[in-house]
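# A closer look at the structure
Spelled out from the first residue to the last, the chains are:
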Amino acid sequence: MTTSYELLGEEKIRAILQALYDQLFIDPMVGFLFEGKDKAHIVEQQVAFTCRFLGGPQRYTGKPLPEAHATLPLLPGHFDRRHHVLATLLEQHGVPDEARQAWLHIDESLRPSVLAAGDEARDKTRE
């Protein structure tokens, strides 16, 4: 069975993630979450993370998702916006349906981990 990583390759995954974060950094709904952040570092971490979950040999050595998002007051709408932009880019980049669905399914499965960190960050701002 061919993995999504084998269908796409690291170069295409990197191009999609670079386009994703280029858009997210200036997006009117979520751009503020990236103020002061190192886009190149985020893209590199995402390339390793994404390639790994799509079946590639890369190793993600970054922080666990809740810790990486611990300072961000994320709401479900923020997650939805990122997911929508990703879905649009996967289509624009001609990602085959099987790989696109796998990527989006895995991305959606990360929702609880990412948003749990957002709940904690919002709680800290209320204290």
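Up top is the structure these notes are about.
Residues numbered from 1 in each chain as written. Predicted model: local features only at pLDDT ≥ 70, side-chain atom pairs only at ≥ 80, totals over all residues. Heavy atoms only, no water.

### What to know about the environment of glutamate 10
Put simply, the rule is: Note on conventions: DSSP H or I runs of at least 4 residues are helices, E runs of at least 2 residues are strands, and numbering of each starts at the N terminus. Each residue gets one of three labels from its accessible area relative to the maximum for its type: buried under 20%, exposed over 50%, partly exposed in between, using a 1.4 Å probe on protein chains only. Residues count as neighbours in contact if any of their non-hydrogen atoms are within 4.5 Å of one another.
The topology assignment puts glutamate 10 in helix 1 (residues 4-26). The partly exposed category is assigned to glutamate 10, whose relative accessible area is 30%. Taking the C-alpha atoms as reference points, glutamate 10 and alanine 48, 38 residues apart in sequence, are found 9.0 Å from one another. Residues contacting glutamate 10, with those up to four places away along its chain left out, are Tyr5, Val47, Cys51 and Gln58.

### Concerning the packing of helix 4 (residues 76-92) against helix 5 (residues 97-109)
Our working definition: Only the contacting stretch of a helix is used when fitting its axis, a line to C-alpha atoms as for every element, and angles between N-to-C directions run 0 to 180 degrees. By definition in this entry, angles of less than 35 degrees are roughly parallel, angles greater than 145 are roughly antiparallel, angles of 65 to 115 are roughly perpendicular, and the rest are oblique. For this classification, Asp, Glu, Lys and Arg are treated as charged, while Ala, Val, Leu, Ile, Met, Phe, Trp, Tyr, Cys and Pro are nonpolar and the rest, including Gly, are polar.
Packing of helix 4 against helix 5 leaves a shortest axis separation of 11 Å and a crossing angle of 170 degrees. Classified by the angle between their axes, helix 4 and helix 5 sit roughly antiparallel to one another. Contact residues: Phe79, Arg82, His83, Leu86, Ala87, Leu90 and Glu91 in helix 4; Arg100, Trp103, Leu104, Asp107 and Glu108 in helix 5. Considering only residue class, the contact of helix 4 with helix 5 consists of six nonpolar, one polar and five charged.

### Side note on the pattern of salt bridges
Two side chains that carry opposite charge are able to pair once their charged atoms sit near each other. We apply this condition: Should a side-chain nitrogen of Lys or Arg be within 4 Å of a carboxyl oxygen of Asp or Glu, the pair is scored as a salt bridge.
Tallying each qualifying case throughout the model produces eight salt bridges. The shortest N-O distance in the salt bridge between glutamate 44 and arginine 14 comes to 2.4 Å. Taken together, the residues span a long stretch of sequence, with glutamate 44 in helix 2 (residues 39-53) and arginine 14 in helix 1 at a distance of 30 residues. Judged by its relative accessible area of 27%, arginine 14 falls in the partly exposed class. The partner of aspartate 97 in a salt bridge is arginine 100, with the nearest N and O atoms 2.8 Å apart. With aspartate 97 and arginine 100 both in helix 5 and three residues apart, this pair spans about one turn of that helix. Residue classification places arginine 100 among the buried residues on the basis of a relative accessible area of 18%. Each of Glu10, Arg14 and Glu44 takes part in a single network of salt bridges with overlapping partners.

These figures capture arrangement, not role.
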